[in-house]
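# Observations on the model geometry
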Amino acid sequence: MGTSMQDSATLAPPPLLRRLAAMLYDTLLVIPFIGVTIAAATAVEMWLLNAGTDGDYYQMHPQLVQALSLACVIVFFAAFWRKSGQTLGMQAWRVKLVDDASGESPGTGRCVLRCLAALVSLAPAGLGYWWCLVDKRKRYWHDHLSGTHLVLLPKPPKGGDQSG
């Protein structure tokens, strides 16, 4: 479902509950992705270091776990946003991320910047997320920082595509 600049300019921002529902959905998807990545990295590290073979408990360095977790989150969101402007949760709730300048799905740089800027939004007790409640265009801090914004897509016509 393509969204041109003209289309995205007329689409309203999604309501807060719809945004939260999409976030919850995506959280339930990204957590297992992080878990599988950490498990695979631990297995590789143990194999390379020949660790844990004597039955001893092995634990990956906490900063490496944090770095891998952050990388998983960035890859998850940036890949979906770059491809279609929507994660699976956003698709389910008809929310789409668009580039301010083009109205299309943002480029890779903007997607990664938005992920990193979301950390800034999260840091002061989530104030950057709550900002959408007072912003006249309903944008988060990371929307402003990355040059992107969310739009609510219209409902598809009932009965699906009748042309075929």
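Residues numbered from 1 in each chain as written. Predicted model: local features only at pLDDT ≥ 70, side-chain atom pairs only at ≥ 80, totals over all residues. Heavy atoms only, no water.

### Describing the pairing of strand E1 (residues 95-99)
In plain terms, the rule: Burial classes follow relative accessibility: with a 1.4 Å probe on protein chains only, a residue under 20% of its type's maximum area counts as buried, one over 50% as exposed, and anything between as partly exposed. Strands are runs of DSSP state E lasting at least 2 residues, helices are runs of H or I lasting at least 4, and numbering of each runs from the N terminus.
Within E1, 5 of the 5 residues are buried, leaving the element largely enclosed by the surrounding structure. Neither face of E1 is open: one carries Val95, Leu97 and Asp99, the other Lys96 and Val98, and all of them are buried.

### Things to note about the side chain of His149
We apply this condition: What qualifies as a polar contact is a pair of N or O atoms within 3.5 Å, subject to a donor-acceptor requirement within protein and to the restriction that residues adjacent in sequence count only when both atoms come from side chains.
Following the sequence through the fold, His149 ends up in strand E2 (residues 148-152). Classification of His149 by relative accessible area gives buried; the value is 11%. There is a polar contact of 3.4 Å between the side chain of His149 and the side chain of Arg139.

### Here's the deal with the nonpolar core
Rules: The criterion is simple. A nonpolar core is a set of buried Ala, Val, Leu, Ile, Met, Phe, Trp, Tyr and Cys residues joined through side-chain atoms within 4.5 Å. Any two residues whose heavy atoms approach within 4.5 Å at even a single point are treated as in contact.
Grouped together as the largest cluster of nonpolar side chains are 18 residues, with contacts concentrated most on Ile34, Phe77, Trp81, Met90, Leu97, Cys115 and Leu150. Those elements that place two or more of their residues in this core are helix H2 (16-49), helix H3 (62-84), E1 and helix H5 (108-122). In terms of residue count, the dominant contributor to this core is H3 (6 residues). Here Met90 is in contact with Ala22, Asp26, Trp81, Gly85, Val95, Lys96, Leu97 and Leu150, once residues within four sequence places are set aside.

### So, the packing of aromatic side chains
Short version of the rule: Note on aromatic pairs: the rings of Phe, Tyr and Trp (six-membered ring only in Trp) are paired at centre separations within 6.5 Å, and the planes decide the class, stacked below 30 degrees, edge-to-face beyond 60, tilted for the rest. Note on geometry: a ring has a charge over it if NZ (lysine) or CZ (arginine) is within 6 Å of the ring centre and within 35 degrees of the ring normal.
Evaluation of the coordinates by the stated rule reveals 5 aromatic pairs. An angle of 50 degrees between the planes, with centres 6.3 Å apart, marks the rings of Trp131 and Trp141 as tilted. Of this pair, Trp131 sits in the loop between helix H6 (127-130) and helix H7 (141-146) while Trp141 sits in helix H7, placing them 10 residues apart in sequence. On the basis of relative accessible area, Trp131 is assigned to the partly exposed category, the value being 34%. Just above the ring of Tyr140 sits the side chain of Arg19; from NZ or CZ to the centre is 4.8 Å.

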